[in-house]
Amino acid sequence: MENKVIDIIKLWEQQNNPGDLQKEIAESRANTCDGCDKLRFNQGVGFFYCGECGCPLGNKIFNPQQLGLCPLNKWEK
């Protein structure tokens, strides 16, 4: 459980202060998701999410590979 909390904290840090490489990866992933038929929008909260796994895209596109990639294997990185 403790490792999961540490991973979540690192993810939030990456999302709020991404490096150039992470920005490039996140942008590529977001572009892929934009064309996906599983892309959904939650009107109540105002964010896009993956209709396949339910993850908010603003968070998911910054996930390191070991924490979870696209459940449909559409991301190259």
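Since this is a predicted model, take the numbers as computed values, not measurements.

### Notes on the pairing of strand S1 (residues 39-42)
For a regular strand, the rule is simple: side chains alternate between the two faces of the sheet. As paired elements, S1 and strand S2 (residues 47-50) share four bridges and run antiparallel to each other. When the bridges of S2 are listed, Asn-42 appears paired with Phe-47. Linkage of S1 to S2, two consecutive antiparallel strands, is achieved through a turn of four residues, within which Gly-46 is found at a positive phi near 85°.

### As for the pattern of salt bridges
On inspection of all chains with the given rule, the structure shows one salt bridge. A salt bridge links Lys-38 to Glu-52, with the shortest nitrogen-to-oxygen separation between them at 3.9 Å. Separated by 14 residues along the polypeptide, Lys-38 in the loop between helix H2 (20-34) and S1 and Glu-52 in the loop between S2 and helix H3 (57-60) bring together distant segments of the chain. What makes Lys-38 partly exposed here is its relative accessible area of 28%. You can call Glu-52 partly exposed: its relative accessible area is 40%.

Definitions and limits used
- For every chain, the first residue of the written sequence is number 1, and numbering continues from 1 onward in sequence order.
- pLDDT decides what is reported in this predicted model: residues at 70 or higher carry local features, side-chain atom pairs at 80 or more are listed and counted, and totals for whole chains, interfaces and linings draw on all residues regardless.
- Computation of side-chain values covers all heavy atoms of the structure but excludes hydrogens and water.
- Strand pairing is defined by DSSP finding a minimum of two bridges between the two strands.
- Under the DSSP-based scheme used, a helix requires at least four consecutive residues in state H or I and a strand at least two consecutive residues in state E, with every element numbered from the N terminus.
- We define a salt bridge as a side-chain nitrogen of Lys or Arg found within 4 Å of a carboxyl oxygen belonging to Asp or Glu.
- Think of it in three bands: with a 1.4 Å probe and only protein chains considered, a residue is buried below 20% of the maximum accessible area for its type, exposed above 50%, and partly exposed in between.

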